[in-house]
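# Descriptive structure summary
Next come the chains, spelled out residue by residue.
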Amino acid sequence: MNQVTCRFCNKDFDLKMKAGFFTLKDVKCKESEVEMKTDFFGFKNFKCSVCGKINMQPLTKGYKVIYWIVAVPTTLTTIGFLLEGTLGLSILGMVSVYSLFMDHKYKKELSIKTILE
Ligand SMILES: [Zn+2]
C-alpha cells in the first residue's frame, strides 16, 4: 500500500485510487479522507487534514515525459532563434561598419578628386 507523509507534521496517509482519483486516508482515523488534487501544471497536491497545509508532490512520470518532449525542442528552437538573432545582428553590424568605412573612404577619394580637380 502506498503511503504519503505530510511534509509539515509527518502525518501518514494511505494513498488509494478511487474512481480515477487519488484519495488519502488518515492511517489512524479512517474517516477523514482527503482528495489528491492536480494543479494546472500537473503537480499533485493535497491538503493535510491534520495541519491544513498544502503538500505539493513532484510530477508524475507521464507529465514529466510530456514536459521533456515539449521542453527540449522548444528550448533548442529558442536557443536557435537567439543565436540566429545574434548572428543576424553581427552581420548587420559588420555591414554597417563596412558601409561606414567605405563611405569614409569614398568621401576621402571624392575630396581628393575635388581637390585634384
Ligand atoms: Zn500535516
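Residues numbered from 1 in each chain as written. Predicted model: local features only at pLDDT ≥ 70, side-chain atom pairs only at ≥ 80, totals over all residues.

## Section: unusual backbone geometry
For Asn 10, which is not a glycine, the phi torsion comes out positive at approximately 60 degrees. Summarising the element assignment, Asn 10 is placed in the loop between β1 (2-5) and β2 (12-18). (Helix = DSSP H or I, 4+ residues; strand = E, 2+ residues; numbered from the N terminus.)

## A closer look at the nonpolar core
Listed in full, the six residues of the largest apolar core are Cys 6, Phe 13, Leu 24, Met 36, Phe 46 and Cys 48. Setting aside its immediate chain neighbours within four residues, Leu 24 contacts Val 4, Phe 13, Asp 14, Leu 15, Val 34, Met 36 and Phe 46. (Core = buried A, V, L, I, M, F, W, Y, C linked by C-beta atoms within 7 Å. Buried ≥ 20, exposed ≤ 12 C-beta atoms within 10 Å, placed from the backbone. Contact = placed C-beta atoms within 7 Å.)

## Description of the domain arrangement of the protein
What the domain assignment lists for the protein is domain 1 (2-56) and domain 2 (61-116). The straight-line distance from the C-alpha centre of domain 1 to that of domain 2 is 53 Å. (Domains from an automatic or database assignment.)

## Remarks on the sheet that holds strand β4 (residues 33-35)
Spatially, β1-β2-β3-β4 is the arrangement adopted by the four strands of the open sheet, whose pairing is antiparallel. Each end of this open sheet is capped by a strand with a single partner; those strands are β1 and β4. This sheet shows a mean twist of 35 degrees between the axes of neighbouring strands, independent of strand direction. Sheet topology places β1 next to β2; four bridges connect them, and they run antiparallel. Counterpart to Asn 2 in the pairing with β2 is Leu 15. (Pairing = 2+ DSSP bridges. Axes fitted to C-alpha atoms, helices over the stretch in contact; angles between N-to-C directions.)

## Digging into the pairing of strand β3 (residues 21-26)
One face of the sheet, then the other: side chains in a regular strand alternate in exactly this way. The sheet contact formed by β2 and β3 spans six bridges and is antiparallel. If you follow Phe 13 over to β3, its bridge partner there is Asp 26. The turn joining β2 and β3, which pair antiparallel and follow one another in sequence, is formed by two residues; a positive phi near 50 degrees is taken by Ala 19.

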